[in-house]
Amino acid sequence: MKAKLLWFLFLFCQAWLVYAQDKSISGTVLAKEDNSPLPGVSIVIEGSLKGTQTDADGKFTLQVPSGATLVASFVGYQKMRVPVTAQTVYTITLETEAKTLQELVVVGYGAQNRRTVTGAISTVSADQIKNLPSPSPDQVLQGRSPGVQVSAGSGEPGTSVMVRVRGATSINASSEPLYVIDGVPIVSQNLARTTFGSPTNPLSDINPSDIESMEILKDASATAIYGARAANGVILITTKRGKSGKPNVSVSFYGGTSSAWRDPNKLRVDGPTFEKLQNEAAANNWSDTYGSVTALNPAGVAFKAPYANPDAAINTNWLEPILQNGGLYNIDASISGGNDKVKYLVSANNFRQEGLIKPTLFNRKSFRANIDFAASDVLRFGTSILYTNSKRNRVQNGNNTSSALANAFFYPSNIPIYNADGTYNRPVWESPVALANETDYLMNTDRVIGNFFADWTIANGLIFRTNWSIDNNYINENQYSNTNLVAGAGDIGGTATSSVVHDFNWINENVLTYQFRLADKHNFNLLGGTTIQKNTNNFSSATGSGFPSNSFRTIAAAAVKNSNADQTAWAIASFFGRVNYDYNKKYLFTGNFRYDGSSRFGANNRWGFFPSASVGWVMSDENFMKGFKAISELKWRMSYGITGNQGGIGNFASLGLWGGQRGGLRGGGGPTPGSGGSAAYVNYPGFNPIQLANPDLKWETTAQFDIGFDLALLSNKLRFTFDYYNKQTKDMLLEVPTPRSTGYSVLLQNYGAMENKGFELGVTASPNVGNKLTWDISFNISHNKNLVKKLAAPISAFTRDYIRIEEGYPLFSFYVHEQKGVDPQTGNIIWRGGEDGKFNINRDRFIIGKSAWPDFQGGLNNTLKYGNFDLTAFFQYSYGNYVFNYNRYFFEHGGERTTGYSAQQLDRWQKPGDITDIPRMARVNYDINFRPSRHVEDASYLRLKNLTLGYNIPKTIASKIGAGNVRVYASGQNVLTFTKYTGLDPEVSVSPSETVQGVDQGVMPQPRVWMGGINLTF
């Protein structure tokens, strides 16, 4: 009995001694970027299984032995080792892993560790785009990613943005990338039937504040999983989702004002100068005709200047009444949180921005709900739902005689805005002031993008997911032209148009993935799936004219009414698969394929196969690299694959079509509504063939080769990403001329080839500049060379043939009369002539080797943080791109028109010895059929795109209002622009399209924005 008691006392003492060696510690884990608490962080004693997790406030307690080391780890953050010392309270700060090659990257139908990615993928995070005054996610990509060219078609809020990933691959079809939001391939093309000079941008329905990250898939290895729609790249947008922990409430607001960064009034001349220039032109023409200005004409009449007293001319500012300092504001609110079973995020947004031209306005209200529910260990459900209501007030923009901005330049300054009776003065075209004051156009969009998914873990590593998605657009446009506008004046009695577009897109995807490991070093991830997608588009419209008064604006009140409607649809079915393999995460292989069948193509080529393969080598893991201590990671990548393009063509492009009409009203056969056609006879119905069948029609095909590397140096403080690519597109969808004997002039065929070659370089750095000061730098540069390799015939792509598409030249090449200079003695233009050395206006036009493509483009971002202060300066640049300044064609006219003059006319030749490229003001130099190359200008630019100064209010102060974090900031957008371009904006272009870029005429420029904001979290 005593022996048992002694044994018990011995064990008790040993246990007590062990317990006495342990001690209780506590602490808090914070995120380094904003000092916010991190819930769910794993705290483990190194070398053991003993540990705990932080609670909702980032706090933990743990019994630890003396001399132990804690290891804190959390998804998305770098691990931290903390030695246990005599202290009992610890503060652990974790740094995000986003700066290393270990982060997770979203790829098609899943996510992958960046270390094992073999494709060319760029990531733009939420931190890079937050608090930017942009209505759409595509616009905030500008300058952020190598190989991605983003140009605003117009400064009007909510309108189209041109995005090109590694160049353009098409002419008649689309070169826009495919956008996929939370797994939903969305409709990204303009659906409005009234363009107003610039198409609307459906991506403006997406709130950028909801975005967690954007991945740009660029090479075939990354994009081939999307097959027939991936030739132009794929942009994957992932929205924010809830995380486990206490509810997190976030509220943010910014507001400001916008104005033109360059004063438009400085680009035109005043009234007195206009009259003096007109007098000078008249005198020069008289001298050219009769020998001198003092000579008499054959009728014995002496020269008389058109304006007797130019100094007394009135000076009308046509721009001031139509311009406005546009206000803007944005309000975001969200709540997120959850537990092991349910995670949620709910957000709401209101973005409102006025344009620079009255009465343009874009107003978006949106609501989002992202919910994840774990029904059991093997079954998980989730949904993402976005509802958006967008309203647009618009005025005609761009190359149009009803454009407010263009007409404000058209009209000379020596005529008044109003007639004596108070009506608008409009000697030629519509008054720009009438357009600004009287235009009544409202576009209302209701959109729902949603998906529902279910994940079933069948076995360890084997997961099946089914996903149902919709993209539902309902667009209503109402336009009324009252009797104060030319369109509704006189006997017309006002006109109105009301139209409705309902575009419905549904998708079902079923994906099976299997992930497993063999022999502890062979890692496999296999994926296979199917997709079915269908899109239907319904359109109906009604027009009316002859209203009792301008107070009646609905078509029901019109004396004359008409209507129209149509319906169309397309569908696609697909099978796809992927194999990811790596040996010890050092030798990497990825294979993709997709098999697509589309209703748009001919019966003989309905299905297409799109494969890709890529390899990677993490060279830094080799033993022979161990001596290179400065190299943290080095990975080589190489890929080749084939992708397709079906965007931008008609839904029935392969079919023989017939059109029906009755009484001259279009039912499918006439070129425009009301135009009638050969099928119409008096008031009897009829139909006629309108399109030849092409059963062999198929996808455009792009084969792409890519080789690149990812390099991290100095413990990931310095990182490089480089890629070289070669894209070859064939079987282009082109309207090819056909023999007239067929009864048709063209037939859509697979004919033509195009090439894009280039390189991309991205550099990021975090230099050590002090304990309190941090500095993050990112820089990227891209070069793309585009070449049209095969065409049936040259294509004229813009008014007056200023842009020509021709074999051996890039897209967007300018076709002009080449001006070699101005003769210093005579002031007349020196033209490039033909082979005979003589200039012939009808023969000697040339593609001059200048196009809208930049030689280089990219961005530079600097972020500095010191204590609670942060400063961000983001520069965006484009070098070597040209713009045809179409404004100069009209306003640098040398007296041959009655329109106003551009400021360039002041640099004209006036006397022998003058050196200039603006010729003498005389008819001989300003024939309306001249297309002088001097109007094609170098539009290279460097922009301070964003400048932001922020301050995080100390938590001791923020806590007094119940907030966890409070940040206030001031910001400027388009703060400075350095360019030689003489127009309003080197970036914008009239009616952006596949074939027209780099043309500026009457386009609303990018605004300069000044604003302030506040972000609060609770």
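Residues numbered from 1 in each chain as written. Predicted model: local features only at pLDDT ≥ 70, side-chain atom pairs only at ≥ 80, totals over all residues. Heavy atoms only, no water.

Caption draft 1: Molecular detail of the overall build of the chain. Helices and strands together make up the secondary structure of the chain, namely 8 helices and 51 strands. Relative to its length of 1018 residues, the chain is compact, with a C-alpha radius of gyration of 33 Å against a globular reference of 31 Å. Oriented by its inertia axes, the alpha-carbon framework of the chain measures out at about 145 × 65 × 65 Å. Out of the 1018 residues in the chain, the part that is buried amounts to 51%. For the chain, the share of sequence-separated contacts (at least 6 apart) that also reach a separation of at least 24 residues comes to 69%. Taken as a whole, the chain presents about 43600 Å² of accessible surface, with 58% of it coming from carbon and sulfur. With 93 positive and 81 negative side-chain charges, the chain shows a spacing of 5 Å between the two charge centroids. (Helix = DSSP H or I, 4+ residues; strand = E, 2+ residues; numbered from the N terminus. Rg over C-alpha atoms; globule rule 2.2 N^0.38 Å. Buried < 20%, exposed > 50% of the residue type's maximum accessible area, 1.4 Å probe, protein only. Contact = heavy atoms within 4.5 Å. Areas by Shrake-Rupley, 256 points an atom, 1.4 Å probe, with all protein chains shown as cover. Lys, Arg positive; Asp, Glu negative; His and termini not counted. Charge placed at Lys NZ, Arg CZ, Asp CG, Glu CD.)

Caption draft 2: Region of the structure containing a nonpolar patch on the surface. Together, Val579, Phe589, Val615, Met638, Ile707 and Tyr724 line one region of the surface with nonpolar side chains, adding up to about 440 Å² of accessible area. With respect to the helices and strands, Val615 occurs in strand S28 (residues 607-618). (Patch = residues over 30% accessible without salt bridge, like charges linked within 9 Å, V, L, I, M, F, W, Y side chains within 5 Å. Salt bridge = Lys/Arg side-chain N within 4 Å of Asp/Glu carboxyl O.)

Caption draft 3: Examining the side chain of Glu622 more closely. Within the fold, Glu622 resides in the loop between S28 and strand S29 (631-645). Sequence-distant contacts of Glu622, that is, excluding residues within four places in its chain, are made with Lys586, Tyr587 and Trp617.

Caption draft 4: Summary view of the nonpolar core. Core analysis: the largest hydrophobic core is formed by 56 residues, its most contacted members being Ile171, Ile322, Phe798, Leu811, Phe884, Tyr886 and Val999. Among the elements of the structure, helix H5 (404-410), helix H6 (432-438), strand S34 (733-737), strand S39 (803-805), strand S40 (813-816), strand S43 (846-851) and helix H7 (886-891) are those that each provide at least two residues to this core. Per-element tally for this core: the top contributor is H5, with 6 residues. Leave out the neighbours within four places in its chain, and Ile322 touches Leu356, Ile357, Lys358, Ala404, Leu405, Ala408, Pro432, Val433 and Ala436. In terms of nonpolar packing, the next biggest core, distinct from the first, is built from 24 residues, Leu132, Val163, Ile186 and Ile206 among them. (Core = buried A, V, L, I, M, F, W, Y, C linked by side-chain atoms within 4.5 Å.)

Caption draft 5: Fine view of the sheet that holds strand S14 (residues 184-185). Ordered by their spatial adjacency, 5 strands build an open sheet running S10-S15-S16-S13-S14, and the pairing between neighbours is mixed. Because the sheet does not close on itself, it has two edges, and the strands there are strand S10 (121-125) and S14. Taken together, the 6 bridges between strand S15 (residues 211-217) and strand S16 (residues 234-239) define a ladder with antiparallel strand orientation. Paired with Ile216 across the strands is Ile235, a residue of S16. (Pairing = 2+ DSSP bridges.)

Caption draft 6: Summary view of the sheet that holds S40. Read from one edge of the open sheet, 4 strands run S38-S39-S40-S43, paired in antiparallel fashion. Unpaired on one side and paired on the other, strand S38 (795-796) and S43 mark the two borders of the sheet. As paired strands, S39 and S40 are joined by 2 bridges and run antiparallel to one another. Paired with Ile803 across the bridge in S40 is Phe814.

Caption draft 7: Looking closely at the packing of aromatic side chains. Here the structure, examined in full by the defined rule, presents 45 aromatic pairs. Their ring planes at 20° and their centres at 6.1 Å tell us that Tyr583 and Tyr587 sit as a pair that is stacked. The interplanar angle of 90° and the centroid separation of 5.6 Å between the aromatic rings of Phe610 and Trp699 together place this pair among those described as edge-to-face. Taken as a pair, Phe610 in strand S28 and Trp699 in the loop between strand S31 (685-691) and strand S32 (700-713) lie far apart in primary sequence, 89 residues in all. Given the relative accessible area of 3%, Trp699 is considered buried. Here a set of aromatic residues connected by ring pairs shows up, and it is made of Phe409, Phe410, Trp429, Phe798, Tyr802, Phe884, Tyr886, Tyr889, Phe890 and Phe891. In this structure, Arg193 packs its charged tip against the face of Phe539, placed 3.8 Å from the ring centre. (Phe/Tyr/Trp six-rings, centres within 6.5 Å; stacked < 30°, edge-to-face > 60°. Lys NZ or Arg CZ within 6 Å of the ring centre and 35° of its normal.)

Caption draft 8: Structural context of the pattern of salt bridges. Counted by the stated rule, this structure contains 46 salt bridges. One network of salt bridges, with partners in common, ties together Arg166, Lys218, Lys635, Arg637, Asp706, Asp710, Asp723 and Glu760.

Caption draft 9: Main features of the side chain of Arg364. Along the chain, Arg364 turns up in strand S20 (residues 361-374). Buried and without a salt bridge, Arg364 has Asp332 as its closest oppositely charged side chain, separated by 6.5 Å. At a separation of 3.5 Å, a polar atom in the side chain of Arg364 contacts the main-chain carbonyl oxygen of Ile206. Within the structure, Arg364 has its side chain in polar contact with the side chain of Asn349 (distance 3.3 Å). (Polar contact = N/O pair within 3.5 Å; in protein donor to acceptor, adjacent residues only side chain to side chain.)

Caption draft 10: Summary view of the environment of Ser221. With respect to the helices and strands, the residue Ser221 is situated in helix H3 (residues 220-223). With 14 residues separating them in the primary sequence, Ser221 and Ile235 have C-alpha atoms 14 Å apart. Ignoring sequence-local partners within four residues, the contact set of Ser221 consists of Thr118, Gly119, Thr590, Asn592, Ser612, Ser614 and Ser639.

Caption draft 11: Fine view of the pairing of strand S27 (residues 587-598). Pairing analysis gives 12 bridges linking strand S26 (residues 560-583) to S27, with the strands arranged antiparallel. Of the residues in S27, the one forming a bridge with Arg578 is Asn592. Connecting S26 to the next strand, S27, in antiparallel fashion are 3 residues, including Asn584 with a positive phi near 55°. Here 11 bridges tie S27 to S28, and the two strands are oriented antiparallel to one another. The residue of S28 that forms the bridge with Phe589 is Val615.

Caption draft 12: Local environment of the environment of Thr863. Secondary-structure assignment places Thr863 in strand S44 (residues 856-866). Once the C-alpha coordinates of Thr863 and Gly490 are considered, the two residues, 373 residues apart in sequence, prove to be 60 Å apart. The residues contacting Thr863, other than those within four sequence positions of it, are Thr774, Trp775, Asp776, Leu871 and Thr872. Side chain to side chain, Thr863 and Asn861 meet in a polar contact 3.3 Å long.

Caption draft 13: Structural view of helix H4 (residues 271-290). Between its first and last C-alpha, H4 extends 29 Å over 20 residues, near the 28 Å set by a 1.5 Å rise per residue. Among all positions of H4, only Gly271, Pro272, Phe274, Glu275, Leu277, Gln278, Asn279, Ala281, Ala283, Asn284, Asn285 and Trp286 are buried. Note on H4: the residue one or two positions beyond its end, Gly291, has a positive phi of about 105°. (Expected span 1.5 Å × (residues − 1).)

Caption draft 14: Main features of the confidence of the model for the chain. Taken over all residues, the pLDDT of the chain has a mean of 89, while the share at 70 or more is 94%. Across residues 1-20, where pLDDT falls below 50, the model places 0 contacts with residues more than four positions away in sequence or in other chains. Residue range residues 662-677 is modelled with pLDDT below 50. Its contacts to residues more than four positions away, or to other chains, number 37 contacts. (pLDDT = per-residue confidence, 0-100.)

Caption draft 15: Local environment of unusual backbone geometry. Following Lys358, the chain continues into Pro359 via a peptide bond in cis, with omega recorded as -5°. Its place among the elements puts Pro359 in the loop between strand S19 (342-354) and S20. For Asp731, which is not glycine, the phi dihedral falls at a positive 55°. Summarising the element assignment, Asp731 is placed in the loop between strand S33 (718-730) and S34. Positive phi is not limited to glycine here, since Phe812 has a value of about 65°. Following the sequence through the fold, Phe812 ends up in the loop between S39 and S40.

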